[in-house]
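Fold and geometry: a report
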Amino acid sequence: LTRIHFARIVQPQLPALAELAQRLASVYLADWFRLDVFVGHPRLGMRVNEVTYPSHVRDTCALRHWLRQYRTLRLRPTSGRDILARLQRILGVDNATFMLGASG
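Let me begin by describing the structure that accompanies this report.

Conventions adopted
- Residues numbered from 1 in each chain as written.
- Predicted model: local features only at pLDDT ≥ 70, side-chain atom pairs only at ≥ 80, totals over all residues.
- Heavy atoms only, no water.
- Helix = DSSP H or I, 4+ residues; strand = E, 2+ residues; numbered from the N terminus.
- Buried < 20%, exposed > 50% of the residue type's maximum accessible area, 1.4 Å probe, protein only.
- Areas by Shrake-Rupley, 256 points an atom, 1.4 Å probe, with all protein chains shown as cover.
- 1 Å grid on protein atoms, 1.4 Å probe; cavity = no way out; pocket = protein on both sides within 12 Å on 5 of 7 lines; lining within 4 Å.
- Points joined across faces, edges and corners; volume = space filled by probe spheres on them.
- Nonpolar A, V, L, I, M, F, W, Y, C, P; charged D, E, K, R; others polar.

Glancing now at the overall build of the protein chain. Secondary structure assignment for the protein chain yields five helices and two strands. Counted from the first residue to the last, the protein chain has its helices and strands arranged as α-α-β-β-α-α-α. A buried classification covers 12% of the 104 residues belonging to the protein chain. Just so you have it, the protein chain exposes about 8,800 Å², and 57% of that area is on carbon and sulfur atoms.

In structure tokens form, the structure reads like this:
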């Protein structure tokens, strides 16, 4: 796969990827996470593979900024079921499909 071929596959997906990342950030209330997607399949289009919140940050300036922001943020308890339901709506995955994938 050449760099040019890669760019042709990924570049048209960037607006949708940016919108998805923004929607996920609003659920997670996170300014830092990793979003892995599959792209390039002619019928499936873009599919989310994984969303992770890294537990390590090498940029200490960013870490200090985030800690300052999180200390002032007023958090409220939220049900894990509510978060899962919001994420499933955003990702377009129903619970039966989600559990089917989890069963192997």
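Right, let's get into the layout of surface pockets. Taken as a whole, the second largest pocket holds about 390 Å³ of empty space. Forming the walls of the second largest pocket are 13 residues, and the residues nearest its centre are Val27, Leu29, Arg76, Thr78 and Ile83. Counting residues per element, the ones that place at least two in the lining of the second largest pocket are helix H2 (14-28) and helix H4 (80-91). The class makeup of the residues in the lining of the second largest pocket is seven nonpolar, two polar and four charged.

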